Amino acid sequence: MTRFSAAAEDVAKRLRDGMVGGVLSFPLTSFREDGGLDVAAYRAYLTAQLAGAPGAVFPACGTGEFFSLDEDEYRAVVGATVEIADGRLPVVAGIGYGWAQALRFARIAEEAGADAALVLPHYLVAAPQDGLVEQLRRIASGTSLPLIAYQRGQVAFTADSLRRIAEIPTVIGVKDGHSDLDRLQRLTLAAPDGFLFFNGASTAEIQARAYATVGVPAYSSAVHAFAPEIANAFFAGLRDGDDAGVTELLRDFYVPLVELRDRVPGYAVSLVKAAARLRGLPVGRVRAPLTDPGPDDLGALAKVLDDGLKVVGAVRRSD
């Protein structure tokens, strides 16, 4: 049995139900040409995203450039997401930095009506396991929001630490970005029944098959942020056992996309935003320290995108 609070169990159930039916969507944040937040454009973009039927939506996380948002901008993004989602699917807002600042964002997300929070890796320093556990305890003590811990970078839980964080009544799951399947299998075996795990690797579809073998079939999809047709076709292929279709998408779209992504630091977000612009979506450019792709990489991205859309019988622009 899980040790979740009643409210946390309700959110966990909604997430479980959602991830059976669709990918986890991490929307981009729309900026104007001068770098300011464009709330109207974000609302239009998110409305189009939700039409792609994700299982849950995670605003203001890594793909949404959480690290570049101030508190007022964050409030606007999360608030708009909650309003547009309108209870149809869970809204899980990103929070982060040290526990004190994470709590400030958590309280904003709670006031805005978010269902849960994704705790992004803390800022800069490495920390022992006791500190990682205490970080989550501190955040949980200051907000009623259910929490999902994101292990990536300097955050990596041991099986013992997983057992300890799973005892916190509002910690409902872990998103994994390390792709260490040995470690992840140990974590899933140490977790209580009902504890959630998500594949949060960059371009998670590349490793979706492998994650599923250790009991983690749910995954986040940055591709859904610009090509829900491709993301949904891949998800359906995995669900329905269409190995040939999954392999075709991996070979013709996902692997070339990852090879392009790996050329420049930060392209995991910059290319996603550039691909959205290629489709006419109102997302604007990335904020520094990220940089937009140059003409050569943009041309290569357009080809990769067109190849992927061709596989699923879609086109880049309908206008």
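These notes cover the structure that comes with them.

Definitions and cut-offs
Residues numbered from 1 in each chain as written. Predicted model: local features only at pLDDT ≥ 70, side-chain atom pairs only at ≥ 80, totals over all residues. Heavy atoms only, no water. Salt bridge = Lys/Arg side-chain N within 4 Å of Asp/Glu carboxyl O. Patch = residues over 30% accessible without salt bridge, like charges linked within 9 Å, V, L, I, M, F, W, Y side chains within 5 Å. Areas by Shrake-Rupley, 256 points an atom, 1.4 Å probe, with all protein chains shown as cover. Helix = DSSP H or I, 4+ residues; strand = E, 2+ residues; numbered from the N terminus. Contact = heavy atoms within 4.5 Å. Buried < 20%, exposed > 50% of the residue type's maximum accessible area, 1.4 Å probe, protein only. Pairing = 2+ DSSP bridges. Right-handed = clockwise from strand over helix to strand, strands pointing away. Core = buried A, V, L, I, M, F, W, Y, C linked by side-chain atoms within 4.5 Å. Axes fitted to C-alpha atoms, helices over the stretch in contact; angles between N-to-C directions. Left-handed = near helix turned anticlockwise from the far one by under 90°. Nonpolar A, V, L, I, M, F, W, Y, C, P; charged D, E, K, R; others polar. Phe/Tyr/Trp six-rings, centres within 6.5 Å; stacked < 30°, edge-to-face > 60°. Lys NZ or Arg CZ within 6 Å of the ring centre and 35° of its normal. Arc of directions from axis to C-beta.

What to know about the pattern of salt bridges
Here comes step 1: According to the stated counting rule, one finds 23 salt bridges in the structure shown.
Here comes step 2: Residues participating in the shared-partner salt-bridge network are Glu-33, Arg-277, Arg-285 and Asp-292.

Considerations on a nonpolar patch on the surface
Here comes step 1: There is a patch of nonpolar side chains on the surface, built from Tyr-123, Leu-124 and Val-125 and spanning about 360 Å² of accessible area.
Here comes step 2: Structurally, the position occupied by Tyr-123 is in the loop between β4 (116–119) and α5 (129–142).

Notes on unusual backbone geometry
Here comes step 1: The omega angle of the peptide bond from Ala-288 to Pro-289 is 15°, so this bond is cis rather than trans.
Here comes step 2: If you trace the backbone, Pro-289 turns up in the loop between α11 (267–278) and α12 (295–311).
Here comes step 3: Notably, Ala-60 is not glycine yet its phi reads approximately 55°, a positive angle.
Here comes step 4: Assignment of secondary structure puts Ala-60 in the loop between β2 (56–57) and α3 (71–85).

Considerations on the environment of Val-171
Here comes step 1: Tracing the chain through its elements places Val-171 in strand β6 (residues 171–176).
Here comes step 2: With sequence-adjacent residues up to four places away left out, Val-171 is seen in contact with Phe-4, Leu-147, Ile-165 and Phe-195.

Concerning the pairing of strand β3 (residues 92–95)
Here comes step 1: Side chains Val-92 and Gly-94 project from β3 onto one buried face, and the interleaved Ala-93 and Ile-95 project onto a second face that is buried too.
Here comes step 2: In this structure, β3 lies alongside β4, joined through four bridges in parallel fashion. Looking at β4, one finds that Ile-95 is bridged to Val-119.
Here comes step 3: Each parallel crossover has a hand, and for β3 linked through helix α4 (residues 99–112) to β4 it is right-handed.

Overview of the nonpolar core
Here comes step 1: Tyr-74, Ile-95 and Phe-226 are the most contacted members of the largest nonpolar core, which has 112 residues in total.
Here comes step 2: Residue contacts for Tyr-74: discarding those within four places in its chain leaves Ala-60, Phe-66, Leu-69, Ala-93, Gly-94, Ile-95, Phe-105, Ile-108 and Ala-109.

Section: the packing of α3 against α4
Here comes step 1: One way to put it is that α3 packs onto α4 with a least axis distance of 9 Å and a crossing angle of 35°. In this structure, α3 meets α4 at a crossing whose hand is right-handed. Across from Glu-71, Tyr-74, Arg-75, Val-78, Gly-79 and Val-82 in α3, the residues of α4 making contact are Gln-101, Arg-104, Phe-105, Ile-108, Ala-109 and Ala-112.
Here comes step 2: When the residues that make up the contact of α3 with α4 are grouped by side-chain class, the tally is seven nonpolar, two polar and three charged.

Describing the packing of aromatic side chains
Here comes step 1: Evaluation of the coordinates by the stated rule reveals eleven aromatic pairs.
Here comes step 2: Ring geometry for Phe-195 and Phe-197: centres 5.5 Å apart, planes at 65°, overall edge-to-face. As far as burial versus exposure is concerned, Phe-195 and Phe-197 are alike and both buried.
Here comes step 3: What links up through ring pairs into an aromatic cluster is the set Tyr-219, Phe-234, Phe-235, Phe-253 and Tyr-254.
Here comes step 4: The positively charged end of Lys-175 is found above the aromatic ring belonging to Tyr-150, 4.3 Å away from the centroid.

A look at the environment of Val-311
Here comes step 1: Examined against the element boundaries, Val-311 turns out to sit in helix α12.
Here comes step 2: On a C-alpha basis, the gap between Val-311 and Phe-195 in space is 36 Å, while along the polypeptide they are 116 residues apart.
Here comes step 3: Contact partners of Val-311, with chain neighbours within four places excluded, come to Glu-248, Leu-249 and Asp-252.

Things to note about the sheet that holds strand β8 (residues 220–221)
Here comes step 1: A sheet is described by the order of its strands in space; here three strands give the open sequence β2-β1-β8, paired in parallel fashion. Both outer strands of the open sheet, β2 and β8, are each paired with one neighbouring strand and no more.
Here comes step 2: Bridge count for strand β1 (residues 24–25) against β8 is two bridges, and the pairing is parallel. If you follow Ser-25 over to β8, its bridge partner there is Ser-221.

What about the pairing of β6?
Consecutive side chains along a regular strand alternate between the two faces of the sheet.
Here comes step 1: Burial of β6 is extensive: six of the six residues sit out of reach of the surface.
Here comes step 2: You can see the chain leave strand β5 (residues 147–151), run along helix α6 (residues 159–166) and come back into β6, and the turn it takes is right-handed.
Here comes step 3: Note on the crossover from β6 through helix α7 (residues 181–190) to strand β7 (residues 196–199): the handedness is right-handed.

Digging into α6
Here comes step 1: Of all the residues in α6, the buried ones are Ser-161, Leu-162, Ile-165 and Ala-166. The buried residues of α6 all sit within an arc of 135° when viewed along its axis, so they share a single face.
Here comes step 2: Where α6 is buried, its residues contact α5, β6, α7 and β7.

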